[in-house]
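An overview of the molecular structure
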Amino acid sequence: MQSIQSIGSDQGYDLFRHYATKLKFSEEQVDTFLAVLDTIEEILEKKVRPKINEWEKVGAYIDDAKNVILPPSMQSVIDEITKENQIYSLFVPEELGGFGYSQLFQAALTEKFAQYDISLHISTFISLSVLEALAFNYKEHFRPAIDKFSEGAYTGYVAFTEAQAGSNLENVKSTSELDGDEWVLNGTKIYISNGGHANAGLFLANNIVDGKPKGTNVIFVDTQEGVNTERLEEKSGLHVNPTAQLHFENVRVPKENIVATPGDGYRKVLERLMGMRLGVSMQATGGAIRALELAKQYANDRVQFGKPIIEFDGVARKIKEIEKTIPRMRAYGYTAGYALDRYYRGYIPAEIPGATGDASEKMAAESLPSVARTGIAHYYVSAAKIYNAEVVQNILYDASQIFGGAGFISEFEINKIMRDVRVLPIYEGTSEIHEFLITRASQALNLLPKFKTVSSNFEGSTVYEDFLMARFPGLVGKI
Ligand SMILES: Cc1cc2nc3c(=O)[nH]c(=O)nc-3n(C[C@H](O)[C@H](O)[C@H](O)COP(=O)(O)OP(=O)(O)OC[C@H]3O[C@@H](n4cnc5c(N)ncnc54)[C@H](O)[C@@H]3O)c2cc1C
């Protein structure tokens, strides 16, 4: 088996295969994954690339009747991916008759989408997170909804954030209270991606018992009655993905719509949705890959002082630095995907030398306290999230600098990517929160005697890493 070091800088599908094989996917399964990646790339290249500027200008908008509308050609690409190709069906767990959920595969797919449009990725992949929450807190009642997601008939949203509850989601004020056989939901959610456009989502609220909050609930909402789109935010980026304020007013859903256990929804569901953070890390990777492609092309084409600007050291060294950083981003993301897949299968969520994936390894995992296993899983995901979301900021700074004035003009794709990636250190846990999670995980990591950081796979540091460590000293020596 190849090691991550020997895969070197030209990883791509090789690194995917490396980890997929370690996860014991058969060669046939790996080939299926790679074929899906190729099919998706073909669709994105043909149907998305030529439309990016047009979509960006139109954006997602809300009409007088408060309907949220996407550019029509974007909607038809979403339909092709989710309805014709039924991409979500690949993520239905094997126990439920599907292909099996893989975070590693999710990471690789996200990298592809983000090379085209991060908004399109959000518009499609939030549905996957809702499907995941239902499938892994399974009960017969969720079967029709899981089917609707896998057929592309449902589009999802995750309504957690409130005005006073951002990083600290346990401070939500929304309420969920049982009335007979139904939950009654009330509250106002802000910054909800896909809000107003999606038709089924997760709602985080206090669990009200006898008039008092007793923990939190996550409730699956598959009705639109009482769910009102108050407004769409105007944003500096991600123009075609709607970000809405949603007001829930006496929304009624069956009592079986509770996801996980009453009173413990936040912790349980969040633990299962770590893949959303991994997704953000791969949005950063895809954005960086495209930025490099654009910057290289521009640097070769643009002539100043009688020669292509790539021949000037000030330009060439930026390109070299980005080239050096991208394999590291991918390594953080795929390693986190691999670790998460192991975690959700009941193994120690880390790279264990000589791991076999057999029963004895499951026993080894069980000998660790569950809080330590969860901490280690958080560590890998947070490392990928903070590293990728932060370094991509400076990558886009440098890549757009290569464009000179054009880098500041909205209609240039490099400018769009720069605007889009700015949110990556904010949503799915801010960088400051991930720095904290990584520091907190240190104790759990001490339980892994042969633990090594992802960065130890690479020689030396990049300027982007030096900047990251200066800004987040809690990460030094830890990731
Ligand atoms: C485009 C977009 C899409 C979004 N989509 C969704 C969605 O679909 N669903 C959803 O529920 N939410 C969504 N969000 C909300 C997002 O998750 C929150 O904005 C984010 O969690 C931060 O919360 P906040 O904005 O309230 O910032 P705050 O939590 O108020 O943080 C403000 C600052 O304080 C820092 N800070 C806070 N606590 C600590 C701490 N303990 N230690 C150190 N620093 C700290 C933060 O890092 C940040 O720098 C979206 C946001 C945006 C911008």
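All values reported here derive from a predicted model rather than from experimental measurement.

A short note on unusual backbone geometry
- Positive phi, normally seen in glycine, also occurs at Lys-66, with a value near 65°.
- One non-glycine residue, Tyr-191, lies in the positive phi region at around 60°.
- Positionally, Tyr-191 belongs in strand E5 (residues 182–193).

Concerning the domain arrangement of the chain
- Taken domain by domain, the chain consists of domain 1 (4–157) and domain 2 (273–475).
- Domain 1 and domain 2 are separated by 20 Å when their C-alpha centres are compared.
- Taken together, the 30 residues of domain 1 in the interface contact 28 residues of domain 2.
- Counting only elements with at least two residues in the side of domain 1 that touches domain 2, the list comes to helix H1 (4–7), helix H2 (13–22), helix H4 (52–58), helix H6 (103–114) and helix H7 (118–135).
- The class makeup of the residues in the side of domain 1 that touches domain 2 is 13 nonpolar, 11 polar and 6 charged.

Structural notes on the site of the ligand
- What surrounds the ligand is a group of 19 residues, the closest being Phe-160, Gly-166, Ser-167, Thr-430 and Glu-432.
- Residues that form the shell around the ligand fall into these classes: 11 nonpolar, 6 polar and 2 charged.

Notes on the packing of helix H3 (residues 27–48) against H6
- It is at 10 Å that the axes of H3 and H6 come closest, and there the two elements cross at 20°. For the element pair H3 / H6, the angle class is roughly parallel. H6 is crossed by H3, and the crossing has right-handed handedness. Contact with H3, carried on its side by Phe-33, Leu-37, Ile-40, Glu-41 and Leu-44, involves Phe-105, Ala-108, Leu-109, Lys-112 and Phe-113 of H6 and no other residues of that element.

With respect to helix H11 (residues 313–345)
- Between the first and last C-alpha of H11 there are 49 Å, a value that for 33 residues agrees with the 48 Å anticipated at 1.5 Å per step.
- Where H11 ends, the next residue or the one after it, Gly-346, has phi of about 95°, a positive value.

Focus on the environment of Leu-134
- As for its placement among the helices and strands, Leu-134 is situated in helix H7.
- Under the C-beta neighbour-count criterion, Leu-134 is labelled buried, with 24 such atoms within 10 Å.
- The spatial distance from the C-alpha of Leu-134 to the C-alpha of Glu-170 is 21 Å, given a sequence separation of 36 residues.
- Excluding anything up to four places from it in sequence, Leu-134 contacts Phe-142, Ala-145, Ile-146, Phe-220 and Val-259.

What to know about the pairing of strand E3 (residues 156–159)
- Judged by which residues are buried, E3 turns out to be covered on both faces: Gly-156 and Val-158 on one side and Tyr-157 and Ala-159 on the other are all buried.
- Where E3 lies against strand E6 (residues 200–209), 4 bridges are found, and the strand directions are parallel. The partner of Tyr-157 across the bridge, within E6, is Gly-201.

What counts, and at which threshold
Residues numbered from 1 in each chain as written. Predicted model: local features only at pLDDT ≥ 70, side-chain atom pairs only at ≥ 80, totals over all residues. Helix = DSSP H or I, 4+ residues; strand = E, 2+ residues; numbered from the N terminus. Domains from an automatic or database assignment. Contact = placed C-beta atoms within 7 Å. Nonpolar A, V, L, I, M, F, W, Y, C, P; charged D, E, K, R; others polar. Near = placed C-beta within 6 Å. Axes fitted to C-alpha atoms, helices over the stretch in contact; angles between N-to-C directions. Parallel < 35°, antiparallel > 145°, perpendicular 65-115°, else oblique. Left-handed = near helix turned anticlockwise from the far one by under 90°. Expected span 1.5 Å × (residues − 1). Buried ≥ 20, exposed ≤ 12 C-beta atoms within 10 Å, placed from the backbone. Pairing = 2+ DSSP bridges.

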